[in-house]
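# Examining the three-dimensional arrangement
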Amino acid sequence: MSKIRLGLSRYTVWLNEDRRLTYLVIVALAIRLASAPFFMHCYDVTTYYSVAHATLVKHENIYEPQIFESTGKFCYPPAWLYVLCALYGLFLLSPFAHEGEIVSHVTPHPFWMNHWLILTFKIPLILADLAVSLFLYAVILSETEDHHKALIAFVLWALNPY
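Described in the following lines is the structure provided in the data block. Remember, it's a predicted structure, so these values are computed and weren't measured experimentally. (Residues numbered from 1 in each chain as written. Predicted model: local features only at pLDDT ≥ 70, side-chain atom pairs only at ≥ 80, totals over all residues. Heavy atoms only, no water.)

### Considering helix α5 (residues 78–93)
This is how it is decided: Here a helix means four or more residues in a row that DSSP labels H or I, a strand means two or more in a row labelled E, and each is numbered from the N terminus. A helix is expected to span 1.5 Å for every residue after the first. Here's how the labels work: a residue is buried when its accessible area is under 20% of the maximum for its type, exposed when over 50%, partly exposed in between, all with a 1.4 Å probe on protein chains only. Arc, as used here, means the arc of the directions from the helix axis to the C-beta atoms.
The first and last C-alpha atoms of α5 sit 23 Å apart over 16 residues, in line with the 22 Å expected at 1.5 Å per residue. For α5, the set of buried residues is Trp80, Leu81, Leu84, Cys85, Leu87, Tyr88 and Phe91. On an axial view of α5, the arc spanned by its buried residues comes to 170°, and they lie on one face. In α5, the exposed positions angled more than 90 degrees off the buried face are occupied by Ala79, Tyr82, Leu90 and Leu93.

Right under this line is the structure:
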């Protein structure tokens, strides 16, 4: 573990020493942000929207099974609910929010949804994936001391779209 900690503390040094990693971080982030509105499970973002709307607007307890009859109760921890509510509020403040056009949680195919809403809810997931990619880079680099293998691990994780 000390090797991993040592590698993580040198993260800024890696970005300066290995320009390929810097470029890959930028490219991976750009690709993930550009493709995010088009890759999703058909219920994820719809559920995120419905839960945040039910919590903030309707003041409902989303952990009660009768709230979401089609999917049962909300099965994510409260921390994710707080994140969803914050993102929902952020989305409503954006000029792209057209709440009347947003699909409800009972619609089976929400692919016509607002792409900005999808992107808003996916930003923390994209950033978490980028953090995991950098962690993989750190682990592979600290174990093998091979930048090429570490970059391959980074690319394989970072460019896997969701």
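Additional details are given in the paragraphs that follow.
### Brief notes about the side chain of threonine 120
Selection criterion: Within 3.5 Å is the distance limit for a polar contact, defined as a pair of N or O atoms, with the added protein rule that one can donate a hydrogen and the other accept it, and that residues adjacent in sequence qualify only through two side-chain atoms. Note on contacts: a residue pair qualifies if any of its non-hydrogen atoms lie within 4.5 Å across the two residues.
Looking at where threonine 120 falls in the secondary structure, it is placed in helix α6 (residues 115–144). Only 2.7 Å separates the side chain of threonine 120 from the backbone oxygen of tryptophan 116, close enough to count as a polar contact. Contacts of threonine 120, omitting those with residues within four sequence positions, involve Leu87 and Phe91.

### Describing empty space enclosed by the protein
We apply this condition: Using protein atoms alone on a 1 Å grid, points that fit a 1.4 Å probe yet trap it form a cavity, whereas open point sets bounded by protein on both sides within 12 Å along at least five of seven lines form a pocket; residues with an atom within 4 Å of a point count as lining. Grid points are joined across faces, edges and corners, and a volume is the space filled by probe spheres set on the points.
Applying the stated criterion to the full structure yields one cavity of 30 Å³ or more. As a volume, the largest cavity reaches approximately 30 Å³. Every residue lining the largest cavity is listed: Ala28, Leu29, Arg32, Ile126, Asp129, Leu130 and Ala158. Listed by contribution, the elements that provide at least two residues to the lining of the largest cavity are α3 (19–35) and α6.

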